[in-house]
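Here's the letter readout for the chains.
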Amino acid sequence: MSTQAPVVVHPDGELLARATAARFLLALVDAQSVATPVHVALTGGSILVDVLRAVAADPLRDAVDWTAVHVWWGDERFVPAGHEERNDVDAAEALLDHLPLRPEHVHAVPGPDRVADVDAAARAYTEELAAHAAPGAEVPELAVVLLGMGPDGHVASLFPGRPSLGDESLGALAEAESPKPPPERVSLTLPTLCSAHQVWLVVSGEGKAPAVAAALAQTSLPEAEGGTGDGQSVPAGRVRASGRTLWLVDLAATSALP
Ligand SMILES: O=C(O)C(O)[C@@H](O)[C@H](O)[C@H](O)COP(=O)(O)O
């Protein structure tokens, strides 16, 4: 039997973003006091971009040694480098361009400008993860993974009812039929997300409330709400970090909780 991950509720999306930013910076400082370098994974989504902007604006950011931080993506849209739909473009503008990161530590997922197709992109990302793993491991230990969640309960590019959810490998996978556009994406697999030391699900707004409730109850959403209706937990409910799984939400996102 699994115990429910803690849910931290903030009054609104703005405070959620600022508090998550402060928590993220302190987590990096803590992780760097134990081991270096530190690996983190970001994803796309509106609240996460707000979090990244809040990290950029937080004076605590100077407490982190950014030259020893590796940045990965939980998922990326398979469009060319620099395309406005790419998650790394948003992240660069919101935060990464403002930090003294080493360019070789920013692990972008290759797009169609670099590889033949989305399968090749996933393979290349899996190889890059393996190249930075500790001896005997297949992926680096991610200190913190920041995940958004869609109204259907998807996380990264793992969508309800898609075969990708059953991928048991460590590394990245290709999703060629994402219900959220654009259709082609690369995502870390569920076991990779679960191998992270901490995973934070950052969720804002009433539109996500039914999926928050379904994830915490480890069940599906009805088909009418974009779910599978089969009682199998939405993807967000399946993420269990090796150390700590945290839900960081605003009040509106809790409105469907019993
Ligand atoms: O589409 C992406 O690239 C994602 O990484 C995706 O998993 C996202 O985080 C959620 O869909 C939440 O996005 P919103 O906050 O914009 O609803």
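For the structure, see preceding data.
If you're wondering where the values come from, they're calculated on a predicted model, not measured in any experiment.

So, on to the site of the ligand. Residues in close proximity to the ligand total 17 residues, the closest being Gly44, Asp75, Arg77, His154 and Ala156. For the ligand, whose accessible area on its own is 420 Å², the fraction buried by protein is 91%. Counting only elements with at least two residues in the shell around the ligand, the list comes to helix H2 (46–57) and strand E4 (75–77). Split by residue class, the shell around the ligand holds 4 nonpolar, 8 polar and 5 charged.

For the rest of this paragraph, the subject is the nonpolar core. Phe24, Leu42, Leu146, Leu147, Trp200, Val202 and Trp247 are the most contacted members of the largest nonpolar core, which has 82 residues in total. Those residues within four positions of Trp200 in sequence are excluded, and the remaining contacts are Thr20, Arg23, Phe24, Ala27, Val144, Val145, Leu146, Leu147, Leu246 and Leu248.

As a further point, take the environment of Pro182. Within the element layout of this structure, Pro182 appears in the loop between strand E6 (172–175) and strand E7 (185–188). You can call Pro182 buried: its relative accessible area is 9%. In sequence terms Pro182 and Arg86 are 96 residues apart; their C-alpha atoms lie 9.6 Å from each other. Among all residues touching Pro182, those that are not within four sequence positions of it are Arg77, Val79 and Glu85.

Tallying each qualifying case throughout the model produces 7 salt bridges. Salt-bridge contacts for Asp50 lead to Arg53; the nearest nitrogen and oxygen are separated by 3.8 Å. With Asp50 and Arg53 both in helix H2 and 3 residues apart, this pair spans about one turn of that helix. Take Arg53: its relative accessible area is 42%, and that puts it in the partly exposed class. The shortest N-O distance in the salt bridge between Asp75 and Arg185 comes to 3.4 Å. Residue Asp75 is located in strand E4, and its partner Arg185 is located in strand E7; the two are separated by 110 residues in the primary sequence. What makes Asp75 buried here is its relative accessible area of 4%.

This part covers the packing of H2 against helix H3 (residues 87–94). H3 packs onto H2 with a crossing angle of 25° between their chain directions and a minimal axis gap of 8 Å. Taken together, the axis directions place H2 and H3 in an arrangement best described as roughly parallel. The two elements H2 and H3 meet at a crossing, and its hand is right-handed. On the side of H2, the interface is formed by Val49, Leu52, Arg53 and Ala56, while H3 contributes Asp90, Ala91, Glu93 and Ala94. Partitioning the contact of H2 with H3 into residue classes produces 5 nonpolar, no polar and 3 charged.

About the cut-offs
Residues numbered from 1 in each chain as written. Predicted model: local features only at pLDDT ≥ 70, side-chain atom pairs only at ≥ 80, totals over all residues. Heavy atoms only, no water. Near = heavy atom within 4 Å. Areas by Shrake-Rupley, 256 points an atom, 1.4 Å probe, with all protein chains shown as cover. Helix = DSSP H or I, 4+ residues; strand = E, 2+ residues; numbered from the N terminus. Nonpolar A, V, L, I, M, F, W, Y, C, P; charged D, E, K, R; others polar. Core = buried A, V, L, I, M, F, W, Y, C linked by side-chain atoms within 4.5 Å. Buried < 20%, exposed > 50% of the residue type's maximum accessible area, 1.4 Å probe, protein only. Contact = heavy atoms within 4.5 Å. Salt bridge = Lys/Arg side-chain N within 4 Å of Asp/Glu carboxyl O. Axes fitted to C-alpha atoms, helices over the stretch in contact; angles between N-to-C directions. Parallel < 35°, antiparallel > 145°, perpendicular 65-115°, else oblique. Left-handed = near helix turned anticlockwise from the far one by under 90°.

Purely geometric numbers; function is a separate question.
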